[in-house]
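The residues making up each chain are set out below.
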Amino acid sequence: MYAAAIIPAGGIGKRMGLGSPKQFYELAGVPILVHAIRAFEQVADIQLIIVAAPQNHLADTEQLVEKFHLHKTKVVAGGKLRQDSVRAGLAHVPEECQFVAVHDGARPLVSPELISACLDHAGLHGAAMAAIPVKDTIKEVADNVVLRTVDRNALWQAQTPQVVRTDIMRKAFAAADEQSFIGTDEASFLELIGEKMTVVEGSEQNIKITRPDDLLIAESILMQKKEKNTGMRVGHGYDAHRLVEGRSLVLGGVEIPHTTGLLGHSDADVLTHALCDAILGALGSGDIGKHFPDSDPAYKGISSLKLLENVADLAGDKGYVLSNADITVIAQQPKLAPHFPAMQENLAVACRVELDCINLKGTTTEKMGFTGRQEGIAAHAVVLLQEIYLLSL
Ligand code: MG
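Reading the values: rules and limits
Residues numbered from 1 in each chain as written. Predicted model: local features only at pLDDT ≥ 70, side-chain atom pairs only at ≥ 80, totals over all residues. Heavy atoms only, no water. Helix = DSSP H or I, 4+ residues; strand = E, 2+ residues; numbered from the N terminus. Buried < 20%, exposed > 50% of the residue type's maximum accessible area, 1.4 Å probe, protein only. Contact = heavy atoms within 4.5 Å. Areas by Shrake-Rupley, 256 points an atom, 1.4 Å probe, with all protein chains shown as cover. Domains from an automatic or database assignment. Buried area = accessible area lost by both parts, 1.4 Å probe. Arc of directions from axis to C-beta. Salt bridge = Lys/Arg side-chain N within 4 Å of Asp/Glu carboxyl O. Donors = N, O, S within 2.8 Å, 3.2 Å for Na, K, Ca; no water. Core = buried A, V, L, I, M, F, W, Y, C linked by side-chain atoms within 4.5 Å. Axes fitted to C-alpha atoms, helices over the stretch in contact; angles between N-to-C directions. Parallel < 35°, antiparallel > 145°, perpendicular 65-115°, else oblique. Left-handed = near helix turned anticlockwise from the far one by under 90°. Nonpolar A, V, L, I, M, F, W, Y, C, P; charged D, E, K, R; others polar. Polar contact = N/O pair within 3.5 Å; in protein donor to acceptor, adjacent residues only side chain to side chain. Pairing = 2+ DSSP bridges.

1. Thoughts on the overall build of the protein chain
Right, so step 1: Helices and strands together make up the secondary structure of the protein chain, namely 13 helices and 18 strands.
Right, so step 2: In terms of its C-alpha atoms, the protein chain occupies a principal-axis envelope of roughly 90 × 40 × 40 Å.
Right, so step 3: Relative to its full complement of 393 residues, the protein chain shows a buried share of 49%.
Right, so step 4: When contacts within the protein chain are restricted to residue pairs at least 6 apart in sequence, those whose partners lie at least 24 apart make up 73%.
Right, so step 5: A total accessible area of about 19,100 Å² is found for the protein chain, and carbon and sulfur atoms account for 51% of it.

2. Observations regarding the domain arrangement of the protein chain
Right, so step 1: Once the domains are mapped, the protein chain shows domain 1 (3-228) and domain 2 (232-392).
Right, so step 2: Facing the eleven residues of domain 1 at the interface are six residues of domain 2.
Right, so step 3: Across the domain 1/domain 2 interface, buried area totals approximately 640 Å², and carbon plus sulfur atoms make up 50% of it.
Right, so step 4: Considering only the surface of domain 1 that becomes buried against domain 2, Arg38, Gln42 and Lys226 emerge as the three largest contributors, covering 55% of it.

3. Let's talk about helix α3 (residues 82-90)
Right, so step 1: All of the buried residues along α3 are Gln83, Ser85, Val86, Gly89 and Leu90. On an axial view of α3, the arc spanned by its buried residues comes to 155 degrees, and they lie on one face.
Right, so step 2: On the buried face of α3, the contacting elements are β1 (3-8), β4 (46-53), β5 (73-77), β6 (99-102), α5 (166-178) and α6 (186-192).

4. Regarding the pattern of salt bridges
Right, so step 1: For the structure shown, the criterion picks out 14 salt bridges.
Right, so step 2: With a closest N to O distance of 2.7 Å, Arg87 and Asp177 form a salt bridge. Of the two residues, Arg87 sits in helix α3 while Asp177 sits in helix α5, which places them 90 residues apart along the sequence.
Right, so step 3: We classify Arg87 as partly exposed; its relative accessible area is 28%.
Right, so step 4: For Asp177, a relative accessible area of 40% gives the class partly exposed.
Right, so step 5: Between Arg148 and Glu140 there is a salt bridge, and its shortest N-O distance comes to 2.7 Å.
Right, so step 6: A relative accessible area of 46% places Arg148 in the partly exposed class.

5. Examining the coordination of the magnesium ion
Right, so step 1: Protein-derived coordination of the magnesium ion comes from Asp239 (OD), His241 (NE2) and His273 (ND1), at a distance range of 2.0 to 2.3 Å.
Right, so step 2: Positions of the donor residues of the magnesium ion along the chain correspond to the pattern D-x1-H-x31-H. Across this residue pair, the class does not change: Asp239 and His241 are buried.

6. Quick word on the nonpolar core
Right, so step 1: The biggest cluster of nonpolar side chains holds 48 residues, and the ones touching the most others in it are Leu251 and Ile279.
Right, so step 2: Counting residues per element, the ones that place at least two in this core are β13 (249-251), β14 (254-256), α8 (270-283), α10 (304-317), β16 (320-330), α11 (340-351), β17 (358-363) and β18 (376-387).

7. Let's talk about the packing of α3 against α5
When two helices pack together, you describe them by how their axes are tilted relative to each other and by the distance separating the axes.
Right, so step 1: At a minimum axis separation of 11 Å, α3 and α5 run at an interaxial angle of 135 degrees. For the element pair α3 / α5, the angle class is oblique. Handedness of the crossing formed by α3 with α5: left-handed. Contacts between α3 and α5 involve Gln83, Val86, Arg87 and Leu90 on the former and, on the latter, Met169, Arg170, Phe173 and Asp177.
Right, so step 2: Tallied by class, the residues present in the contact of α3 with α5 amount to four nonpolar, one polar and three charged.

8. Quick look at the side chain of His57
Right, so step 1: Relative to the assigned elements, His57 resides in the loop between β4 and α2 (58-67).
Right, so step 2: Taking the relative accessible area as the measure of exposure, His57 reaches 17% and is therefore buried.
Right, so step 3: Within the structure, His57 has its side chain in polar contact with the side chain of Asp60 (distance 2.9 Å).
Right, so step 4: If sequence neighbours within four positions are ignored, His57 has contacts with Pro21 and Phe24.

9. Considerations on the pairing of strand β12 (residues 232-244)
Right, so step 1: Pairing geometry for β12 and β18, over eleven bridges, is antiparallel. In the strand pairing of β18, Tyr238 is matched with His380.
Right, so step 2: Bridge count between β12 and strand β15 (residues 261-262): two bridges; the pairing is antiparallel. Across the sheet, the residue bridging to Leu243 is Leu262, located in β15.

What follows is the structure, given as C-alpha cells:
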C-alpha cells in the first residue's frame, strides 16, 4: 500500500494561553507535533508525511524535521482553517498514492498500531477513521436547562487518523469547495458526497491537546509509557561459511588476501551476516534468510554491507538505532587484527553510527573443530539497540 499522511498543524493555541503555536509546545522534552509525526514515521505503509504549518512558522517547522531526523516528512504552508491546511497538503500528494491519512497535529499520543488499523480498514472499505464510543450520559442543554437526554448508544467521539482513498478525498474536497462547505474533519466531507466512512475503535489516550490540563494528562501518559519501556533491545547472531579455493575472503566488507575464501550466495561475509542477524533478532524481525532469501537472484554476489545498510534502515523505520555491537570472528587463519580498523569503519558507516559503537574480536579454537581445521570461518555478534524516541526524552 502506498499511503501519505497529512498533518494540519495550524493551531494557534488560543485556549492554551501559550505565546507560540501549541504544536511547538514541548511534551516530555519533545514538541507536540514531533510526537505525532514520529508515530507516522514508524508505519511502513506511510511513505510520505506532509505537515501543513502556519506560513510564519515554516522555517521553525523545517528545523524540527531536521533536528528530529524525520526523514519521511515534508513541510508545506497551511491555511487559516483546518480544511485549508488539509487541502494544501492534498495538493502535494503524488498521483500514485492510494490513500491519505489525515491526523491532527495536536494529537501527540496516537500509536503506530492505531494508524495501521485505520489504514487496513480503509484498504477494505475505502475510508476509515478512529473514534471512541461516548461514555458519559449526554444532555441537550439550552440556557442552562436540560432539554432532553440524548440516546448515547449511537454516539461516537471522532478522533484522527481518518484515512480515505485519495480519489474519494479529492472528490470530497472539490465538492466542499463548490458548496463553500466548512467541516471539522474528513468524515464530514465524505458525508457531503454520500461516501461511507467506517469506524475503528480509537484510544482514550489519543487525546487532542486543546486546554492546559490536556498537557498534564498527556505528559503523565508518556511518562507511564517510558517507565514500562526501557527502550533497549538485545539481539544475537551466529553464522558460519565454508572455506573453499577460488573465492575471495571478505570479512566486514574488507577483502583479505588468503589462499581460500568463503562460499555463499552473496559475498559470504560471515561477520556482516552475524551482525545483520543480531540486529534483526533485536528487532524481533526474524533473520537474514527471511529478508534476503538465497533464492532471490537480486542478492547473488551482493556486498553484504548493502544488506547491513538495509537492516539498519529497517531498524530506523522501527524507531531504533544501534547502540553498540560486539562481534567475535572465529578463524584459525589468516590473522584478522590488522584488518579490524577498516572493517570497523565499513560496519559503522553502514549502520550510521560512531566507530566506537562497533567492537571486533578475533579468536582461534586452537585447531579444534571445523574452524580449527580451516574448513570454515564462524562469527558471533551481540547488539544492543536503543529506541530513538526515548533518546530525546
Ligand atoms: Mg551467511
